[in-house]
Amino acid sequence: MTQNESFEQLTGNVFNIQRYSTHDGPGIRTTVFLKGCPLRCFWCQNPESQSMKPLLMFKKDRCTLCGRCIAACPTGANEIVEGQMFVDREKCTACGACVKACLAKARTVEGKSMTVAEVIAEVKKDRLLYQNSGGGMTVSGGACEMQPDFTVGLMRAAHAEGIRTAAEMEGAFPWEVVRRIAEHTDYVLYDLKCMDDKRHRAGTAVSNVRILENAKNLVEMGKTIKFRTPLIPGFNDDPDSIAAIAHFVRDELGLSPAEHLELLPYNNLGEEKYVRLDFEGVHPKYQRQSQAYIDELNALRCSI
């Protein structure tokens, strides 16, 4: 087995491959979403990405109560109670038997094992678009740092095909893990959610100390980098929070916030996923910030 063959057969847990992405780095890109994340952001758009394991997503509004899933399930995880279908998550192994049986397409399994070669075969389909737009492949998550060997394998395979790469990083990992991935990617997208460590812990269940240290290390490494801040109502979308992040980028990292910091308006696309996964708690149903308010925050960012 050659060296190339060895890393092309590496396997990882993937939950989505999104083509024609325009917000995950320069140009038109294919974004590969990996499973696994140490953060527990209360606004997470992709809660199915948090666990490394495959998860069953059940769209209850599509269920016709035909009972085919009950007959198909090898562990007896499905049951009709008082006219509603319930999934016993402790029994469910996300084997996919009920997905195949469901004629209403109310069920999907989020996450599957793929080899580097299988992923790159999908990525290569849009090679011409990458060449014409300056795009390429972005590895995201979850957190791509949760699967460093697989992420590096994807980067190496893409480069072998002449495809540019980007990594979307959380940064809450040992520097050696972050450095290793950064060495193999052309462009880094890096989240800066909040400068206050106490608030960061409350919102994500993880300290920001290592995240900020790794941000400095990446800049010192000379990586081409874009910092991004998802604007969460009541958490970090106030002027003081944005000013603090912008000052960190300017004063601690020596970069222009106008060029290297992007503010991302709140996105509520993940709200229904919490119900479909039977996750405890309720995803906050916030309203997206008005464009006028986004413009104000961007003006502030660019003035620092």
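Further up the page is the structure itself.
Read on for a plain summary of the structure. Within each chain, residues carry numbers counting from 1 in the order of the written sequence. Selection of residues for local features in this predicted model requires a pLDDT of at least 70, selection of side-chain atom pairs for listing and counting requires 80 or more, and totals for whole chains, interfaces and linings are taken over all residues. Excluding hydrogens and water, the side-chain values take into account all heavy atoms of the structure.

1. Overview of the overall build of the protein chain
Then, in step 1: Only DSSP runs of H or I reaching four residues or more are called helices, and only runs of E reaching two or more are called strands; each is numbered from the N terminus. A tally of regular secondary structure across the protein chain gives 13 helices and 12 strands.
Then, in step 2: The globule rule used for comparison is 2.2 Å times the number of residues to the exponent 0.38, while the radius of gyration itself is calculated over C-alpha atoms. For 304 residues, the compact-globule formula gives about 19 Å, and the C-alpha radius of gyration of the protein chain, at 21 Å, lands near that figure.
Then, in step 3: C-alpha atoms of the protein chain, sized along the principal axes, occupy 60 × 50 × 35 Å.
Then, in step 4: Only protein chains enter the accessibility calculation, which uses a 1.4 Å probe; a residue whose area is less than 20% of its type maximum is buried, one above 50% is exposed, and one in between is partly exposed. A total of 304 residues make up the protein chain; the buried ones form 48% of that total.
Then, in step 5: Two residues qualify as a contact provided that any one of their heavy atoms is within 4.5 Å of a heavy atom in the partner residue. Long-range contacts, defined here as pairs at least 24 residues apart, represent 69% of the contacts in the protein chain between residues at least 6 apart.
Then, in step 6: Residue burial considers only the protein chains on display, and all accessible areas are found by Shrake-Rupley using a 1.4 Å probe. Taken as a whole, the protein chain presents about 14500 Å² of accessible surface, with 49% of it coming from carbon and sulfur.
Then, in step 7: Side-chain charges of the protein chain comprise 37 positive and 39 negative groups, with the mean position of each set lying 5 Å from the other. We count Lys and Arg on the positive side and Asp and Glu on the negative side, and we leave His and both chain ends out. The location of each charge is read from NZ of Lys, CZ of Arg, CG of Asp or CD of Glu.

2. Focus: the layout of surface pockets
Then, in step 1: Cavities and pockets were defined on a 1 Å grid built from protein atoms only: a cavity is a group of points that admits a 1.4 Å probe but offers it no way out, a pocket is an open group of points flanked by protein on both sides within 12 Å along at least five of seven lines, and a lining residue is one with an atom within 4 Å of any such point. Grid points are joined across faces, edges and corners, and a volume is the space filled by probe spheres set on the points. If you add up the space inside the largest pocket, you get close to 1100 Å³.
Then, in step 2: Around the largest pocket, the lining is made up of 43 residues, and of these Gln45, Asn46, Glu168, Arg228 and Asn267 lie nearest the centre.
Then, in step 3: The set of elements that each furnish at least two residues to the lining of the largest pocket consists of β1 (11–21), β9 (164–169), β11 (225–230) and β12 (261–264).
Then, in step 4: Element by element, the count of residues in the lining of the largest pocket is highest for β1, at 4 residues.
Then, in step 5: Looking at side-chain class alone, the lining of the largest pocket contains 16 nonpolar, 15 polar and 12 charged residues. Three residue categories are used. Nonpolar comprises Ala, Val, Leu, Ile, Met, Phe, Trp, Tyr, Cys and Pro, charged comprises Asp, Glu, Lys and Arg, and polar comprises the others, including Gly.

3. What about a nonpolar patch on the surface?
Then, in step 1: Think of a patch as exposed residues, more than 30% relative accessible area, with no salt bridge, where like charges cluster within 9 Å and nonpolar side chains (Val, Leu, Ile, Met, Phe, Trp, Tyr) cluster within 5 Å. One side-chain nitrogen of Lys or Arg within 4 Å of one carboxyl oxygen of Asp or Glu is enough to make a salt bridge. A grouping of Leu65, Ile70 and Ile80 is seen on the molecular surface, where their side chains present a nonpolar patch of about 210 Å² in accessible area.
Then, in step 2: When you line up the elements, Ile70 lands in helix α2 (residues 68–72).
Then, in step 3: Its relative accessible area of 34% is what places Ile70 among the partly exposed residues.

4. A closer look at the pattern of salt bridges
Then, in step 1: Evaluated as defined, the whole model comprises 18 salt bridges.
Then, in step 2: The partner of Asp278 in a salt bridge is Lys60, with the nearest N and O atoms 3.2 Å apart. You can see Asp278 sitting in the loop between α12 (271–276) and α13 (291–303) and its partner Lys60 sitting in the loop between β3 (55–58) and α2, a full 218 residues away along the chain.
Then, in step 3: With relative accessibility at 29%, the residue Asp278 sits in the partly exposed group.
Then, in step 4: Owing to a relative accessible area of 39%, Lys60 belongs among the partly exposed residues under this scheme.
Then, in step 5: Across the pair Glu122 and Lys125 runs a salt bridge whose closest N-O atoms are separated by 2.9 Å.

5. Focus on the sheet that holds β12
Then, in step 1: A pair of strands is treated as paired once DSSP finds two or more bridges between them. Strands sit in the order β7-β1-β2-β8-β9-β10-β11-β12 across an open sheet of 8 strands; the sheet is mixed. The sheet is open, and its two borders are formed by β7 (112–115) and β12, each paired with just one other strand. For this sheet the average axis-to-axis angle between neighbouring strands, irrespective of direction, equals 30°.
Then, in step 2: Pairing geometry for β11 and β12, over 4 bridges, is parallel. Across the sheet, Thr229 pairs through a bridge with Leu263, a residue of β12.
Then, in step 3: To get an axis, a line is fitted to the C-alpha atoms, and for a helix only the part in contact is used. The angle between two axes follows their N-to-C directions and goes from 0 to 180 degrees. Lying on the sheet, helix α4 (residues 116–123) is in contact with β1, β2 (29–34), β7 and β8 (136–140); it crosses β7 at an angle near 85°.
Then, in step 4: Of the strands in this sheet, β1, β2, β7, β8 and β9 are in contact with helix α6 (residues 148–160), which crosses β8 at around 180°.

6. What about the side chain of His200?
Then, in step 1: In this fold, His200 is placed in helix α8 (residues 197–204).
Then, in step 2: In contact with His200, other than residues within four places in its own chain, are Lys193, Cys194, Ala205, Val206, Ser207, Asn208, Ile211 and Phe235.

7. What about α6?
What sets the pattern is the α-helix's 3.6 residues per turn: residues three or four places apart point alike.
Then, in step 1: Between its first and last C-alpha, α6 extends 18 Å over 13 residues, near the 18 Å set by a 1.5 Å rise per residue.
Then, in step 2: What α6 keeps buried is the set Phe150, Thr151, Val152, Gly153, Leu154, Met155, Ala157 and Ala158.
Then, in step 3: Looking one or two places after α6, you find Gly162, whose phi comes out positive at around 75°. Between the first and last residue of a helix there are one fewer steps than residues, each counted as 1.5 Å, and that sum is the expected span.

8. So, the state of the cysteines
Then, in step 1: Two cysteine sulfurs form a disulfide in these notes if their separation is within 2.5 Å. The final tally for this structure, using the stated rule, is 0 disulfides.
Then, in step 2: Cys41 takes part in no disulfide bond, and the closest cysteine sulfur, belonging to Cys37, lies 6.3 Å away.
Then, in step 3: Here Cys144 stays unpaired: no disulfide links it, and the sulfur of Cys37, its closest cysteine neighbor, is 10 Å away.
Then, in step 4: We classify Cys144 as buried; its relative accessible area is 0%.

9. Remarks on the pairing of β9
When a strand is regular, its side chains alternate between the sheet's two faces.
Then, in step 1: Burial analysis of β9 places 5 of its 6 residues in the buried class, which makes it a mostly covered element.
Then, in step 2: Pairing of β8 with β9 involves 4 bridges; the strand directions are parallel. Bridge pairing in β9 places Met137 opposite Thr165.
Then, in step 3: Here the term right-handed applies to a crossover when the path leading from its first strand over the helix to its second strand runs clockwise, the strands being oriented away from the viewer. One crossover worth recording links β8 to the parallel β9 by way of α6, and it is right-handed.
Then, in step 4: Here β9 pairs with strand β10 (residues 187–191) via 4 bridges, running parallel. Bridge pairing links Glu168 to Leu189 in β10.

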